[in-house]
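Listed below, chain by chain, are the residues.
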Amino acid sequence: QVQVAESGGGLVQAGGSLRLSCAASGRTFSSYTMGWFRRAPGKEREFVSAISWSGGSTYYADSVKGRFTISRDNANAKNAVYLQMNSLRPEDTAFYYCAVQMMGGVRVLEGYDDWGQGTQVTVSS
């Protein structure tokens with residue numbers, strides 16, 4: 001099992017930036033694709049971004065492509081995944097979660113496990 005903990009959320013004005021972090025511990029973190037999902041009020045959890053175990057492949061939802069950048073640090077025992085969010089919009093307001101991909105497509109919610117508690121991002125207009 002991998003334990004993950006998200007941080008970095010907060011309140012920001014539209015057009016601003018935030019950097020989310022996901023700290024991981026437990027089984028071999030560097031072996032897994034990691035993903036970010038979000039859940040807005042009244043909506044289901046949706047895919048935001050994912051990064052392969054090596055960091056060589058990245059994936060984005062169309063709604064965040066060009067504004068968000070995912071990265072990871074497997075070295076120096078940091079075991080972390082980051083989500084740099086620029087040009088934030090009010091519709092980006094949501095709880096953001098990271099998780100470990102266990103199976104299936106990288107955009108498929110059901111293929112992820114070891115979810116964190118999430119971090120709140122609020123973008124004001």
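Residues numbered from 1 in each chain as written. Predicted model: local features only at pLDDT ≥ 70, side-chain atom pairs only at ≥ 80, totals over all residues. Heavy atoms only, no water.

Side chains of a nonpolar character, in soluble globular proteins, are inclined to be buried together. The biggest cluster of nonpolar side chains holds 35 residues, and the ones touching the most others in it are M34, W36, F68, V81, L83, M85 and Y96. By residue number, the principal contributor to this core is strand 9 (residues 94–101), which donates five residues. (Core = buried A, V, L, I, M, F, W, Y, C linked by side-chain atoms within 4.5 Å. Buried < 20%, exposed > 50% of the residue type's maximum accessible area, 1.4 Å probe, protein only. Helix = DSSP H or I, 4+ residues; strand = E, 2+ residues; numbered from the N terminus.)

Tallied over the full model, the rule gives one disulfide. For C22, the disulfide goes to C98, at an S-S distance of 1.9 Å. Note on the C22 and C98 pair: the S-S dihedral is about 55°, so by sign convention the disulfide is right-handed. Of this pair, C22 sits in strand 3 (residues 18–26) while C98 sits in strand 9; the two residues are 76 residues apart in sequence, bridging distant segments of the chain. By relative accessible area, which is 0% here, C22 ends up buried. Looking at C98, the relative accessible area reads 1%, which means it is buried. (Disulfide = S-S within 2.5 Å.)

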